[in-house]
Amino acid sequence: MRHIALLLSFDGTQYHGWQIQSNATTVQGTLCDALVQVAGVTAPPVGCGRTDAGVHAEYYVADFFTESKIPLDRFPVALNTVLPHDIVVHKACEVSDDFHAVHSCIRKEYTYRMYTAKTPNPFLHNRALFYPYPLDLESLCHAAQNMVGTHDFAAMRSLGTPVKSTVRTVYEFDITQNGNEIAFRIAANGFLYNMARTMVGTLLAVAQKKFSPDEIPSILESGDRSRAGATAPACGLYMTHSDYGKELFHA
């Protein structure tokens, strides 16, 4: 039995998130169907995160067990032949039996993308949040830094799958601008349900003068979801990296 990890990316616009659902098309379900065709794999692949409906991924890791003898370099080719155009497998590697796409991950990175011109960009529809309002990046960066560190992020999550703890460590929260495009990059040891989108939505509330950057610590300490900003739309969110403490996929 071989244990294989895949590196894939996907446009989540047409999918109801990663996890298989009985009444909706999902990324996991679509990949599972492809693995059945290509390698006779019947157990669903394990994914590195439960991305929501409409959320995208540039760097997403999934693993599965198989008895197939297909060479590693042929797995991407074979899977991409049967996958739809909006899900692409880039690489495959063999991993140890105890590897787990979720539990073995020590650091995840999400990037939220916004487009801030006066009129929309049709090529970024469903791929970035259109936000035609002024933004004070210095103020937003100040607010973002108040979320860096180890905190209880109960105020920055939506109710969903129960978790043992709402404490997470945010290593970096950077904001960069390239012309009309702004990227919010968040790296943490893990994310609660809707945490990344709520962190961005809270920054937008700061931009709208609903509260100041210096109120962020008290919002976090309160654990009160109603005090934070709205959950930013899914279309701008991308999973951009998963770190396993070593390079899984070599060039």
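These numbers come from a predicted model, not from an experiment.

Quick question: what am I supposed to make of the overall build of the chain here?
Counting its secondary structure elements, the chain contains five helices and ten strands. Computed over C-alpha atoms, the radius of gyration of the chain comes to 19 Å, within 12% of the 18 Å expected from 2.2 N^0.38 for 251 residues, which places it in the range of a compact globule. Judged by the C-alpha coordinates and their principal axes, the chain covers about 60 × 40 × 40 Å. Burial statistics for the chain: of 251 residues in total, 52% are counted as buried.

Would you mind showing me how to read unusual backbone geometry here?
The phi angle of most residues is negative, glycine excepted, and most peptide bonds adopt the trans form. In this structure, asparagine 126 takes a positive phi of about 65 degrees despite not being glycine. Look at asparagine 126 and you get partly exposed, because its relative accessible area is 30%. Of note, lysine 209 is a non-glycine position whose phi angle comes to about 65 degrees, a positive value. Using a relative accessible area of 67% as the deciding quantity, one classes lysine 209 as exposed.

Explanation requested: the packing of aromatic side chains in the structure shown.
Geometrically, a pair of aromatic rings is defined through the distance of the ring centres and the angle of the planes. Applying the stated criterion across every chain, the model contains six aromatic pairs. Summarising the aromatic geometry, the rings of tryptophan 18 and tyrosine 60 are spaced 4.8 Å apart at their centres and angled 35 degrees between planes, so their arrangement reads as tilted. Of the two residues, tryptophan 18 is situated in the loop between strand E1 (2–10) and helix H1 (27–39) and tyrosine 60 in strand E3 (residues 56–66); the sequence distance between them amounts to 42 residues. For tryptophan 18, a relative accessible area of 4% gives the class buried. Between phenylalanine 99 and tyrosine 244 the ring centres are 5.1 Å apart and the planes differ by 45 degrees, which places this aromatic pair in the tilted class. Separated by 145 residues along the polypeptide, phenylalanine 99 in the loop between strand E4 (87–94) and strand E5 (107–115) and tyrosine 244 in the segment after strand E10 (237–243) bring together distant segments of the chain. Taking relative accessible area as the criterion, phenylalanine 99 reaches 9% and is therefore assigned buried. Judged by relative accessible area, which is 9%, tyrosine 244 ranks as buried. Three or more aromatic residues link up through ring pairs in this structure, and these residues are Phe10, Trp18 and Tyr60. A cation sits over an aromatic face here: arginine 113 above tyrosine 238, 4.4 Å from the ring centre.

Help me understand helix H2 (residues 75–82) in this model?
Each α-helix turn comprises 3.6 residues. Residues three or four places apart therefore point the same way. Listed in full, the buried residues belonging to H2 are Phe75, Pro76 and Leu79. Down the axis of H2, the buried set is contained in an arc of 90 degrees. They therefore lie on one face. As for H2, its buried residues are in contact with E1, H1, E3 and E4.

Procedures and definitions
Throughout, residues of each chain are indexed from 1 in the direction in which the sequence is written. Totals for whole chains, interfaces and linings use all residues, but because this is a predicted model, local features are given only for residues with pLDDT of at least 70 and pairs of side-chain atoms are given and counted only at 80 or more. With hydrogens and water stripped out, all remaining heavy atoms of the structure feed into the side-chain values. Elements are defined by DSSP. Helices are runs of H or I of four residues or more, strands are runs of E of two residues or more, and each kind is numbered from the N terminus. Each radius of gyration reported is based on C-alpha atoms, and the globular scaling rule is 2.2 Å times the count of residues to the power 0.38. Residue exposure (1.4 Å probe, protein chains only): buried if accessible area is under 20% of the type maximum, exposed if over 50%, otherwise partly exposed. Side-chain rings of Phe, Tyr and Trp (the six-membered ring for Trp) are treated as a pair once their centres are within 6.5 Å; stacked means planes under 30 degrees apart, edge-to-face means over 60, and tilted covers the remaining angles. Only when the NZ atom of a Lys or the CZ atom of an Arg is both within 6 Å of the ring centre and within 35 degrees of the ring normal do we say a charge sits over the ring. Taking the helix axis as origin, the arc is that swept by the directions to the C-beta atoms. What makes two residues a contact is simply this: any of their non-hydrogen atoms within 4.5 Å.

As far as function goes, none of this settles anything; it's purely spatial.
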